[in-house]
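# Tertiary structure, described
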Amino acid sequence: MEIRIERTTTPKAKPTGALGFGKIFTDHMFEMDYNPEQGWHDPRITPYHDLVLSPACVVFHYAQEMFEGMKAYKDAEGKVRLFRPMKNIERLNATNERMCIPKIDPMDALQAIKETVLTDADWIPTEPGTSLYIRPFIIATDVGLGVHPSKNYKFCIILAPSGSYYAGGLAPVKIVVEDEYVRAVKGGTGFAKVGGNYAASLIGQQKAEKMGYAQVLWLDGIEHKYIDEVGAMNVFFVIDGKVITPQLEGNILPGVTRDSTIQYLRGKGYEVEERRISIQEVYDAAKDGTLNEMFGTGTAAVISPVGELNWDGNKVIINNNEIGAISQMLYDDITGIQYGKKEDPFGWSMVL
Ligand SMILES: *Cc1c(COP(=O)(O)O)cnc(C)c1O
């Protein structure tokens, strides 16, 4: 694939001070269009710009769209690294299939990500824990209000230099169990990375924030009994030394960090079970003192230890509200691999 590059003539000043997450964007973006005659065509890197779209575009009314989330890191030698990008691209196409969006050749998608990141490589921050967040997304651009899969699409990649998730070091979060609203059901779009899942979850998140909690723990949509995932993270429990995480049944997002955590722990000799786990089992373990750790996994925070759980007003404090040994090891080792500082036994870090 030949990517046309049009460089900005008015580069923006690089940010100084706190970066936050997803608030600042780089000088360039990637764009590529789809129509049935040409397929995906006209790949280009252009100055970052607003999109001009008809108000009747399918994406605005029926939410036919998808997105991905990954990061680029600068290592101590100034080399640019991605973390398991083919896993994100595989998931991008799995989401596309569910959303009736035409697939993208995986090597073209990788090339688009690489060239866009390298075009703005001087935007990758270098302070500890910082990175360049990469947001690929696709929107349906057919004009008209009839409900049908769009014939035309736009694929974009935008880049946001992002701060360290943990300004003051790894810190446990408080999570509330949601048992009124649900996020996904088997057969729905829970496994796909789509905006609609987030739109449906906002009300639970809002409720949690009002109660003073950081995020929601979603239960299964049918019985409200089994644990699905947390907000934008997959979830793990350490019970009596054994690591347990909900299995992929079509209702949870198959996280790249989740997969890496499982492989890494198994490689270290830990027993990891992927199975249904009920909220009752977690509370029983908390009560008999065998709930050693709970943590979330996701690209943004990598590992997020959970210090408090609230289920219908019943609160449990996990590991004394401190960071567990497994959480800390995973955080140190996985981020170590991402930044090219630690041994990479699985070959996960890709130098561009
Ligand atoms: C993206 C996402 C995750 C985490 O996936 P990673 O690939 O590890 O970043 C978990 N849950 C949901 C709902 C997500 O959208």
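Residues numbered from 1 in each chain as written. Predicted model: local features only at pLDDT ≥ 70, side-chain atom pairs only at ≥ 80, totals over all residues. Heavy atoms only, no water.

## A look at the site of the ligand
The full set close to the ligand counts 15 residues, and Lys-193, Tyr-198, Glu-229, Thr-257 and Thr-299 are the nearest of them. Between the ligand and Arg-91 there is a distance of 2.8 Å, counted from an oxygen atom to a side-chain nitrogen or oxygen. Measuring from an oxygen atom of the ligand, one finds a side-chain N or O atom of Tyr-198 at 2.5 Å. (Near = heavy atom within 4 Å. Polar contact = N/O pair within 3.5 Å; in protein donor to acceptor, adjacent residues only side chain to side chain.)

## Remarks on the side chain of Glu-68
Residue placement: Glu-68 occurs in the loop between strand E4 (65–67) and strand E5 (70–74). For Glu-68, a relative accessible area of 1% corresponds to the buried category. A polar contact of 2.8 Å, which involves the side chain of Glu-68, links it to the side chain of Arg-91. Dropping the residues within four chain positions of it, Glu-68 is found in contact with Asn-88, Arg-91, Leu-92, Tyr-133, Ile-134, Arg-135, Pro-136 and Lys-193. (Helix = DSSP H or I, 4+ residues; strand = E, 2+ residues; numbered from the N terminus. Buried < 20%, exposed > 50% of the residue type's maximum accessible area, 1.4 Å probe, protein only. Contact = heavy atoms within 4.5 Å.)

## Quick look at the packing of helix H2 (residues 85–98) against helix H3 (residues 106–119)
In a packed pair of helices, the relevant descriptors are the angle between the two axes and the axis-to-axis distance. Contact geometry for H2 and H3: axes closest at 10 Å, N-to-C directions at 125°. Looking at the two axes, H2 sits oblique to H3. The chirality of how H2 crosses H3 is right-handed. Packed against H2, whose contacting residues are Pro-85, Met-86, Ile-89 and Asn-93, the element H3 presents Pro-106, Met-107, Ala-109, Leu-110 and Ile-113 at the interface. Among the residues making up the contact of H2 with H3, the classes are represented as 8 nonpolar, 1 polar and no charged. (Axes fitted to C-alpha atoms, helices over the stretch in contact; angles between N-to-C directions. Parallel < 35°, antiparallel > 145°, perpendicular 65-115°, else oblique. Left-handed = near helix turned anticlockwise from the far one by under 90°. Nonpolar A, V, L, I, M, F, W, Y, C, P; charged D, E, K, R; others polar.)

## Let's talk about the domain arrangement of the protein chain
You can read the domains of the protein chain as domain 1 (4–162) and domain 2 (173–342). Computed from C-alpha atoms alone, the centre-to-centre distance between domain 1 and domain 2 is 27 Å. Counting residues at the interface gives 23 residues for domain 1, matched by 24 residues for domain 2. With both chains or domains summed, domain 1 and domain 2 bury close to 2,000 Å², and 60% of this area falls on carbon and sulfur atoms. Across the contact surface, domain 1 and domain 2 share 1 salt bridge. Notably, a salt bridge pairs Asp-259 with Arg-84, separated by 2.9 Å at the nearest N-O pair. Applying the counting rule to domain 1 against domain 2 returns 13 residue pairs in polar contact (both at pLDDT 80 or more). Secondary-structure elements contributing two or more residues to the side of domain 1 that touches domain 2 are E4, E5, strand E6 (80–83) and H2. Examining the composition of the side of domain 1 that touches domain 2, we find that 6 residues originate from one element, H2, more than from any other. Of the residues in the side of domain 1 that touches domain 2, the class split is 7 nonpolar, 6 polar and 10 charged. (Domains from an automatic or database assignment. Buried area = accessible area lost by both parts, 1.4 Å probe. Salt bridge = Lys/Arg side-chain N within 4 Å of Asp/Glu carboxyl O.)

## Here's the deal with the pairing of E6
Burial of E6 is two-sided: the residues Val-80 and Leu-82 facing one way and the residues Arg-81 and Phe-83 facing the other way are all buried. Pairing of E5 with E6 involves 3 bridges; the strand directions are antiparallel. Note on E6: the bridge partner recorded for Lys-74 is Val-80. Both E6 and strand E18 (residues 349–351) contribute to a ladder of 3 bridges, which runs antiparallel. Within the sheet, the bridge partner assigned to Leu-82 lies in E18 and is Met-350. (Pairing = 2+ DSSP bridges.)

## Digging into the side chain of Arg-84
By secondary structure assignment, the location of Arg-84 is in the loop between E6 and H2. In this structure Arg-84 comes out as buried when scored by relative accessible area, which is 10%. With residues near it in sequence (within four places) discarded, Arg-84 still touches Val-256, Asp-259, Ser-260, Gln-263 and Trp-348.

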